Amino acid sequence: MDNSARFCWFYLLVCWLGFSTFAPGQNPDSRKLAPNQRLEREMTGDQTHRYTFDLKKGKFFQVRVEQNGVDVELRLTDATGKVLARMDSPNGIKGPETLTWVADTNAGFSLEVAGFGNKAEKGKYTLKRGAARIARQKDRRRVEVERLFVEGWTAQGRAALQLLEPAFVGWRELNDRYLAGLAGHWVGVNYRRVGEKQKALEYFKLALPLLRASDNRSQEAVTLHDVGQIYSDFGENQKALDYYNRALPLERAVADKRGEGRTISNIGRVYYDLGKNDKALEYYNRALQLLRAVDDREMEAITLNNMGAIYYLTGEKQKALDHYNRAFLLREKADKFGEATKLNNIGLIYLDLGEEQKALDHFDRAWRLEMEIGASGATALHNIGFAYAHLGEKQKALDHYNQALLRRREFGDRHGEAKTLNNLMLGWEAAGSLKIAVLYGKQSVNVYQTLRGNIKSLDADIQKTYLGTIAKTYRHLAGLLIDLGRIGEADQVLAMLKEEERFSFVRRDDNVAKGFLETLSLTEEERAALKRYNELADKIT
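Residues numbered from 1 in each chain as written. Predicted model: local features only at pLDDT ≥ 70, side-chain atom pairs only at ≥ 80, totals over all residues. Heavy atoms only, no water.

Draft legend 1. Main features of the overall build of the protein chain. Secondary structure assignment for the protein chain yields 21 helices and 10 strands. The buried share of the protein chain, reckoned over its 541 residues, is 53%. Within the protein chain, contacts between residues at least 6 apart in sequence are counted, and of these 67% link residues at least 24 apart. (Helix = DSSP H or I, 4+ residues; strand = E, 2+ residues; numbered from the N terminus. Buried < 20%, exposed > 50% of the residue type's maximum accessible area, 1.4 Å probe, protein only. Contact = heavy atoms within 4.5 Å.)

Structure (structure tokens):
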């Protein structure tokens, strides 16, 4: 199920804790549940099945439910209806749910198997209760780890990490590879949410072998996809494509059209970042067919928005606006990030039309929305700087570019970092400070050189296309260096654009290839200026 929906559901459960889980007049299906009993039943998402049993003090209880076409939550209640424990892991309509308990007194209990959502199609589940026995220390440990896990994955950000990281450790101690893999994945998800993408990557990679060992192909595919997203954020497009292409066959094997559609859309995004707009549109159109088939409106909207960005860059402004508006209409909920994206995109169109104030209004609203949800806001800040540059307000432009740069670096956005550094070069040139402009231009080129190195094993045609999208920065920097009489440095920059870099790097001598991907060195004066800038940036952040 959608994580935001689960969060709301969890919040309601917390509010109801200590009260009966059923309103007066409800009569859920109820049966006795004996030790070692196994049964299979059909249910829909709006149904709840109840099982009753007695447990003596110190005795161990465990039930395992295999979901097949229906997503369920397990709830253990006492005689008063108070919820004692729950289990609902993020595995959707397939996979196991296991709930464990140790009685601290002789008592009667109820197990509720509750479907999630009135619109769910009818599915089946298989329930198996374990043997009754005296609880061991390991059993008590499992009860605690289950609690950490359930509360952790329904929380968000730092609060989730405080629960999920110890749950991950606990599942590994208990040798439960399936739940360790799920916990590791959700630790990664929450590190990504708080902007710590390297930590997210580490946990995703810890989760992968655990998921593979437990034959959880569906979640393995999700994790492979998420690793691809991190590498895409880092500008390591070759690695991003590798992981997306590893996810696709698994998604197809488990008939996960939603996951397949999302992965194909993100492959399109990689090709967009590489400047291969035709190929990006091809993937976006393929993704739309899958996403519409499963009614994934959120990702359909993101895909339409990304298509709009391509049409905007290629000068088809009306087509771009049509896609932006279609994307926005698809968002049924108050999706602030989606609204911010639309405001940024429409603001750029107003800027092209020469209506700078309207553009600024849209960019400012986009920034405020992103701040409300803890997003980076870097795109809006960059665009505000761009609008002020159009208006000739040079200092305001530079101020906003600097704010955008800090946010892009904080969130690991290497593509965006290079673009903002490029605009800082242009801004300082407009302000008449060519030496400072060169400093930012060199940093922009160095980031682009790193990004080029990340795709050196892709087709030569892709490398050439990508270089074509960023060549303006190299040429502009070379022009500034020539204006300053620094001919040798200008030659070095221009050498990076020679035709030889078109050849596949795997077919060239390593030393030659390395020369095309070298970075620009800074002068002593530039290093000192950069050090001062970084010291100021550290104080700000």
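Draft legend 2. Summary view of the side chain of Thr98. With respect to the element layout, Thr98 can be found in strand S7 (residues 94-102). Overall, Thr98 belongs to the buried group, its relative accessible area being 10%. Those residues in contact with Thr98, other than ones at most four positions away along the chain, are Gln62, Val63, Arg64, Leu74, Met87, Arg142 and Glu146.

Draft legend 3. Summary view of the packing of helix H12 (residues 336-352) against helix H13 (residues 356-372). Contact pair H12 / H13: the axes reach a minimum separation of 8 Å and the direction vectors enclose 160°. Classified by the angle their axes make, H12 and H13 are roughly antiparallel. Once H12 is placed against H13, the crossing between them reads as left-handed. Contact residues: Lys336, Phe337, Glu339, Ala340, Leu343, Asn344, Ile346, Gly347, Leu348, Tyr350 and Leu351 in H12; Glu356, Lys358, Ala359, His362, Phe363, Arg365, Ala366, Leu369, Glu370 and Glu372 in H13. (Axes fitted to C-alpha atoms, helices over the stretch in contact; angles between N-to-C directions. Parallel < 35°, antiparallel > 145°, perpendicular 65-115°, else oblique. Left-handed = near helix turned anticlockwise from the far one by under 90°.)

Draft legend 4. Molecular detail of the pairing of strand S6 (residues 83-87). Among the five residues of S6, four are classified as buried, and the element is accordingly described as predominantly covered. Sheet topology places strand S5 (residues 72-77) next to S6; four bridges connect them, and they run antiparallel. The residue of S6 that forms the bridge with Arg75 is Arg86. Taking the residues that link successive antiparallel strands as the turn, the S5-S6 hairpin has five residues, and the phi of Gly81 there is positive, at about 95°. (Pairing = 2+ DSSP bridges.)

Draft legend 5. Layout of the packing of aromatic side chains. Inspection of every chain in the model, using the stated rule, returns eight aromatic pairs. Measuring from ring centre to ring centre gives 5.3 Å for Trp153 and Trp186, while their planes differ by 55°; the resulting arrangement is tilted. One end of the pair, Trp153, is in helix H2 (residues 137-154); the other, Trp186, is in helix H4 (residues 177-193), with 33 residues separating them in the sequence. Taking relative accessible area as the criterion, Trp153 reaches 1% and is therefore assigned buried. In this structure Trp186 comes out as buried when scored by relative accessible area, which is 10%. With a centroid separation of 5.5 Å and an interplanar angle of 25°, the aromatic rings of Tyr271 and Tyr283 are classed as stacked. In this pair, Tyr271 is assigned in helix H8 (residues 257-273) and Tyr283 in helix H9 (residues 277-293), connecting sequence segments 12 residues apart. For the pair formed by Tyr271 and Tyr283, the shared burial category is buried. An aromatic cluster is present here, built from Phe53, Phe61 and Phe109 joined pairwise through their rings. Geometry around Phe60 places Arg133 over its ring, the cationic atom sitting 4.1 Å from the centre. (Phe/Tyr/Trp six-rings, centres within 6.5 Å; stacked < 30°, edge-to-face > 60°. Lys NZ or Arg CZ within 6 Å of the ring centre and 35° of its normal.)

Draft legend 6. A look at the packing of helix H7 (residues 237-253) against H8. Contact geometry for H7 and H8: axes closest at 9 Å, N-to-C directions at 160°. It follows from the interaxial angle that H7 and H8 lie roughly antiparallel. Two packed elements cross with a definite hand, and for H7 against H8 that hand is left-handed. Contact residues: Asn237, Ala240, Leu241, Tyr244, Asn245, Ala247, Leu248, Glu251 and Arg252 in H7; Gly259, Glu260, Thr263, Ile264, Asn266, Ile267, Val270, Tyr271 and Asp273 in H8. Class assignment of the residues belonging to the contact of H7 with H8 gives a composition of nine nonpolar, five polar and four charged. (Nonpolar A, V, L, I, M, F, W, Y, C, P; charged D, E, K, R; others polar.)

Draft legend 7. Highlighting the environment of Ala183. Along the chain, Ala183 falls in helix H4. Spatially, the C-alpha atoms of Ala183 and Glu165 are 7.6 Å apart, while their sequence positions differ by 18 residues. The contacts of Ala183, once residues within four sequence positions are left out, are Phe149, Phe168 and Trp171.

Draft legend 8. View of H12. Over its 17 residues, H12 extends 25 Å from the first C-alpha to the last, a length consistent with the 24 Å expected when each residue adds 1.5 Å. Within H12, 12 of the 17 residues are buried, which leaves the element mostly enclosed by the surrounding structure. Buried-residue contacts for H12 involve helix H10 (297-313), helix H11 (317-330), H13 and helix H14 (378-391). Where H12 terminates, the next one or two residues include Gly354, which has phi positive at roughly 80°. (Expected span 1.5 Å × (residues − 1).)

Draft legend 9. Broad picture of the pairing of strand S9 (residues 123-129). Among the seven residues of S9, five are classified as buried, and the element is accordingly described as predominantly covered. Sheet topology places strand S4 (residues 59-68) next to S9; six bridges connect them, and they run antiparallel. Considered in S9, the bridge of Glu66 is made with Thr126.

Draft legend 10. Region of interest: the pattern of salt bridges. Counted according to the given criterion, the structure contains 37 salt bridges. The salt bridge partner of Asp226 is Arg192, with a shortest N-O separation of 3.7 Å. With Asp226 in helix H6 (residues 217-233) and Arg192 in helix H4, this pair connects stretches of sequence that are 34 residues apart. Residue classification places Asp226 among the buried residues on the basis of a relative accessible area of 6%. Given the relative accessible area of 22%, Arg192 is considered partly exposed. Salt-bridge contacts for Glu236 lead to Lys239; the nearest nitrogen and oxygen are separated by 3.3 Å. Connected through shared salt-bridge partners, Arg50, Glu73, Arg75, Arg86 and Glu112 make up one network. (Salt bridge = Lys/Arg side-chain N within 4 Å of Asp/Glu carboxyl O.)

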